[in-house]
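# Fold and contact review
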Amino acid sequence: MEFRPMRRHRQELSPEACREVLERATSGVLALVGDEGYPYAVPLSYALDGDRIIFHSAREGHKIDAIARCPKASFCVVDQDDVHPAEFTTYYRSVIAFGRMRVIEDDVERRAAAELLGRRYGPNLPDTACEEEINRFWSGFCMLELRIDHLSGKQARELMPPRAKIYAFA
């Protein structure tokens, strides 16, 4: 699949900058094809792990049904949203990851994903605290993976580094 090129390509973030945004942010919005073909977008916490994004979920519900129908998804993270009323603009930076979702079924892989998420949101907690929390909810715990096919990021012109001036001498 070839993804659309960004129309304002000068404002496009590099793949490295997109990953930095995903590593820095703490939540985003997962978009799926929901009931009756309506878009279903849900805010979620997540952990980036290489070329995949990990989420947790209940074992049943709208999200799980949508993934079963169509695994294609996008996940949007807003890194900066600084409104400047006097300029009638917003200094923004955001990233969208496109990919395919799957429910992680294997218990070993599912636990590793849960631990990854636990370490992301409780980096200073003892490992036993994370393990106890996972064990407490394990029976109803569902882990999801978005395998990233494409990353796209964009920022406001005002956040771009200044361009070097080129001087022509006669």
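Criteria and cut-off values
Residues numbered from 1 in each chain as written. Predicted model: local features only at pLDDT ≥ 70, side-chain atom pairs only at ≥ 80, totals over all residues. Heavy atoms only, no water. Salt bridge = Lys/Arg side-chain N within 4 Å of Asp/Glu carboxyl O. Buried < 20%, exposed > 50% of the residue type's maximum accessible area, 1.4 Å probe, protein only. Helix = DSSP H or I, 4+ residues; strand = E, 2+ residues; numbered from the N terminus. Expected span 1.5 Å × (residues − 1). Arc of directions from axis to C-beta. Contact = heavy atoms within 4.5 Å.

## With respect to the pattern of salt bridges
All chains considered together, the criterion is met by twelve salt bridges. A salt bridge links Glu145 to Arg147; the shortest N-O distance between them is 3.5 Å. A residue is classified by how much of its surface remains accessible, and Glu145, at 3% relative accessible area, is buried. Assessed through its relative accessible area of 39%, Arg147 is described here as partly exposed. Taken together, the shared-partner salt bridges connect Asp49, Arg52, Arg102, Glu109, Glu145 and Arg147 into one network.

## Brief notes about helix H3 (residues 107-121)
Spanning 15 residues, H3 covers 21 Å between terminal C-alpha atoms, matching the ideal 21 Å at 1.5 Å per step. Of all the residues in H3, the buried ones are Arg110, Ala113, Ala114, Leu116 and Leu117. Take H3 and look down its axis: the buried residues cluster within an arc of 155°, on one side only. Buried residues along H3 sit in contact with strand E3 (47-49), strand E4 (52-58), strand E6 (89-104), helix H4 (127-137) and strand E7 (141-155).

What is shown is where atoms sit, not what they do.
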